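# Tertiary structure, described
This is what each chain is made of:
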Amino acid sequence: MVEIDLDGQKVSVTEGSMIMHAADKAGTYIPHFCYHKKLSIAANCRMCLVDVEKAPKPMPACATPVTNGMIVRTKSEKAIKAQASVMEFLLINHPLDCPICDQGGECQLQDLAVGYGGSSSRYQEEKRVVMHKDVGPLISMEEMSRCIHCTRCVRFGQEVAGVMELGMIHRGEHAEITTVLNDTVDSEVSGNMIDLCPVGALTSKPFRYQARTWELSRRKSVSPHDSTGSNLIVQVKGNKVLRVLPFENNDVNECWLADRDRFSYEALNSDERLTSPMIKQGGEWKTVDWQTALEYVANGLKQIKADHGAQSIGALVSPHSTSEELFLAAQLVRGLGSENIDYRLRNAEFAKGEGVKWLGTTIASLSTLQSAFVIGSNLRKDHPLFALRIRGAARQGAKVSVIHDWADDWAMPIATSVVAPASDWVRELSAVASAVASDKGATAPVNATAGDSHKAIAQSLLSGERKAILLGNAAAHHAQASTLLAIANWIGEQTGATVGYLSEAANTVGAQLVNALPGEGGLNAGQMLDGALKAAILLNTEPEFDSAGGADAAAALTSAQMVVTLSPFKANMPFSDVLLPIAPFTETPGTFVNAEGRVQSFHAVVKPLGEARPAWKVLRVLANMLGLQGFDYETANEVLAAARGAEDAGKPFVSAGALGNGTSAYMSASGTAGKPATAAIYQLDSIVRRAPSLQQTADGRAAAPHEEVAA
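Let me begin by describing the structure that accompanies this report.

Reading guide: rules and limits
- Residues numbered from 1 in each chain as written.
- Predicted model: local features only at pLDDT ≥ 70, side-chain atom pairs only at ≥ 80, totals over all residues.
- Heavy atoms only, no water.
- Core = buried A, V, L, I, M, F, W, Y, C linked by side-chain atoms within 4.5 Å.
- Buried < 20%, exposed > 50% of the residue type's maximum accessible area, 1.4 Å probe, protein only.
- Helix = DSSP H or I, 4+ residues; strand = E, 2+ residues; numbered from the N terminus.
- Contact = heavy atoms within 4.5 Å.
- Pairing = 2+ DSSP bridges.
- Axes fitted to C-alpha atoms, helices over the stretch in contact; angles between N-to-C directions.

### Details of the nonpolar core
The tendency in soluble globular proteins is for nonpolar side chains to be buried side by side. In this structure, Phe 33, Met 47, Ile 139, Phe 156, Leu 166 and Leu 202 are the most contacted members of the largest nonpolar core, which totals 51 residues. When residues of this core are traced back to their parent elements, those giving at least two are α2 (77-92), α3 (108-116), β7 (139-141), α4 (152-161), α5 (192-196) and α10 (384-395). The element best represented in this core is α4, accounting for five residues. If we skip the residues at most four places from it in the chain, Ile 139 touches Val 185, Ser 190, Met 193, Ile 194, Leu 202, Thr 203 and Lys 205. Of all hydrophobic cores here, the second largest spans 47 residues; its members include Val 297, Ile 304, Tyr 343 and Tyr 633.

Listed below in structure tokens is the structure:
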């Protein structure tokens, strides 16, 4: 530790720290533009100049290392004069258009100009003009004359996103930030550049000219998409969501958001929203009131139960639904006497596991891994924020190894990549196990010949201390998912690596926790989607897009006597008989459990649109109409308490005893034909599918985003 004197205050910081770090620790604000705690130091804006005793001139606080006994003054006449001079230079070419700038009211330059800018400008020459650029549907670069060349966006692409899509060309007054080749910005985390921009050069294209920052109410929420469980600030005006920003949580999403989390809100305001209950009569849809719709559903379920038995009724539920909704859906089906409920819509195997499948480690630990072995995942697109952490670890020397059916561009160094069709993954993983066994002098669980790539993966897992084996969406949905897990567990035991699932959806862990799974004698999702039901309840899901069966699953549901769809959108209309409008995550309280078992509850941030109602309330009232016992909940908190049990209620994490990636599956190297069902980045759930700006991106437009290895 090194002690310095900062404005008369003694501050101790780690040796090698900069003056800016000492100021942060002491709570002293030093004006800056280019410095950001998550990016490398550039020291090109010079706004953070401070007075260091015995230094001949002001020094940049972000790039000046501390030394023992150093005396720093941030508010001396010398420092203030230097900062004011820098501000004058920054403003000479900056357009004076704050009233029409979309950044007005939340602009760092605007704020600091008040404190350090002059009352008038001495600059008499013509201001420079930079031509606008079209870089895609998410980021607006219409006003690049406002850019102050802090290069935060450039460094973010290089260091965090892994793709340098923006760069600076020319020099001096002619310098400008551009894509160089007039390309679009296609990174799946590009929206973070908007947050990083301290001026109005990079702004949100979907939010452009929608509202002023001071008109917006700010409310916390949790993302309903992938299993990161990103913390959000949802900004609202007039009961309408207008913008979504990250809420900083270093243990979950740090200060970043994936574009999927940031821009999907557009779907919440779309014309595809279902705002009133609807019943199909004579092939035509009629709008009805809630009482009529629920009575129709209750009477239909009672009749089908009487005619065909309770086992003819089932529920297909989405893991993007809240824990409260999933719990009540399971309770309702079981109250009718059926065990037919399942959230595993894209799975090909439905083996009963041991414990709740989860990440096997903490999300934060991904940033410090020394070795990561990922099986069956397009990590960058499936889990963008997990990819950021593993990319950061790779930049620090971590070895990343992959088994997948195509060579993805993960925008990070890959130490070893084994490209093989999904039918060969068991054999390839068995070969890695054989290499580990050979190195350890142990007996391999499965006989398989190890090649150089398998030996390299084994060596990376046997070295170092912090290592993880991560099974992706394709591995979870694989026809031999249990076998893959069993072999991965054996490798983990031999190498000391943690083993876990990256988990597909926001509430995959929560769905297991509340037992949204078939009980003894119950049908799994594959069987239910194969036409085995007379009455199907679809909670927040569209089988054509959300299941392994695809169009065949949707066609099979046409044979059911009654299909009830609970959705925020006009979904499943060709084969549904009843549509019940339920509230999306912004309009209902609820809880998601992310991949690491973190329980995150949230409140509604706006009122439900039209006649939409929270799904947990709809399910509770429907159960009451069916005469089922135990559905007297008044609040979502009561439902959650019942779902988690008295012992775990209120705890921030799922109890360790409930979590477990164990399996008793037989280990064999033989493969099974068939490609696992996975979703593209902007096809994951009903909300992102209906977000126009996301669908206009390169990822959204790509019908065939990769070349597959033939199975």
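### Here we look at the sheet that holds strand β23 (residues 535-539)
Whether parallel or antiparallel, the strands of a sheet pair through hydrogen bonds between backbone atoms. Pairing is mixed across the open sheet formed by seven strands, whose spatial order is β15-β14-β25-β24-β23-β16-β17. In this open sheet, the two strands that pair with only one neighbour each are β15 (284-287) and β17 (341-342). Pairing geometry for β23 and strand β24 (residues 562-567), over five bridges, is parallel. Bridge pairing links Leu 539 to Leu 566 in β24. Where helix α16 (residues 525-532) meets the sheet, its contacts fall on β16 (313-317) and β17, and the angle it forms with β16 comes to roughly 120°.

### Observations regarding the pairing of strand β14 (residues 278-281)
Two elements, β14 and strand β25 (residues 578-581), share two bridges in a ladder whose sense is antiparallel. Looking across to β25, one finds that Met 278 is bridged to Leu 579. Bridge count for β14 against β15 is four bridges, and the pairing is antiparallel. Directly across from Ile 279, in β15, lies its bridge partner Lys 286. Connecting β14 to the antiparallel partner β15 that follows it, the hairpin turn spans two residues, and Gly 282 within it adopts a positive phi of roughly 60°.

### Digging into the sheet that holds strand β10 (residues 203-204)
Taking strand neighbours across the sheet as the criterion, the three strands line up as β6-β7-β10 in an open arrangement whose pairing is antiparallel. Each edge of the open sheet is held by one strand with a lone partner, namely β6 (133-134) and β10. Across two bridges, the pairing between β6 and β7 is antiparallel. When the sheet's bridge partners are listed, Lys 133 is paired in β7 with Met 141.

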